[in-house]
Amino acid sequence: MAERKRNKEIHFYVTEEERKLIRRKMIESKIKNMGAYLRKMAIDGYIVNTDTTPLKKQYEEMHKIGININQIAKKVNTTGDLYPEEMQELKEMVKELWHILRSSPLK
């Protein structure tokens with residue numbers, strides 16, 4: 001019997017769900033052999049690491065503005081009153097929201 005070209009073995013364990021997911025992705029890639037698929041992914045595949053810090057900062061700012069808007073809305077719903085300065089504050093907060101969304105790093 002001829003000597004194998006690939007003579008080094010790698011073992012690893014997966015859960016049943018992980019195995020099903022790997023198999024499904026293998027089928028989607030149209031590779032019929034599990035070993036060939038795993039070799040291809042280990043050698044040519046890549047992992048994308050994304051820095052979400054800017055998005056977190058945007059979320060925090062938008063969350064603060066949302067809390068302020070909700071406080072004003074609660075007051076209006078309770079008292080029925082909305083003062084002109086509160087209306088102006090709401091307009092400014094909406095402008096700030098639009099500014100945050102327009103400057104999104106996802107563009």
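In this report, we go over the structure that sits alongside the text. (Residues numbered from 1 in each chain as written. Predicted model: local features only at pLDDT ≥ 70, side-chain atom pairs only at ≥ 80, totals over all residues. Heavy atoms only, no water.)

### Some remarks on the pattern of salt bridges
Defined as follows: Any Lys or Arg side-chain nitrogen found within 4 Å of a carboxyl oxygen on Asp or Glu counts as a salt bridge. To qualify as a helix, a DSSP run of H or I must reach at least 4 residues; to qualify as a strand, a run of E must reach at least 2; elements of each kind are numbered from the N terminus. When accessible area is computed with a 1.4 Å probe and restricted to protein chains, residues below 20% of their type maximum are described as buried, those above 50% as exposed, and intermediate ones as partly exposed.
Evaluated as defined, the whole model comprises five salt bridges. Its salt-bridge partner being Lys75, residue Glu86 comes within 3.2 Å of it at the nearest N-O pair. Taken together, the residues Glu86 in helix H4 (residues 84-102) and Lys75 in helix H3 (residues 53-79) connect sequence positions eleven residues apart. Glu86 sits in the buried class, given a relative accessible area of 13%. Relative accessible area serves as the criterion here: at 28%, Lys75 is assigned to the partly exposed category.

### With respect to the nonpolar core
Applied cut-off: Only buried Ala, Val, Leu, Ile, Met, Phe, Trp, Tyr and Cys residues count toward a nonpolar core, and they belong to the same one when joined by side-chain atoms within 4.5 Å. The contact rule is simple, with two residues in contact once any of their heavy atoms fall within 4.5 Å.
By size, the foremost hydrophobic cluster in this structure holds six residues: Ile65, Ile72, Leu90, Met93, Leu97 and Ile100. Counting residues per element, the ones that place at least two in this core are H3 and H4. The element contributing the most residues to this core is H4, with four residues. Excluding residues that lie within four positions of it along the chain, Ile100 makes contacts with Gln58, Glu61, Met62 and Ile65.

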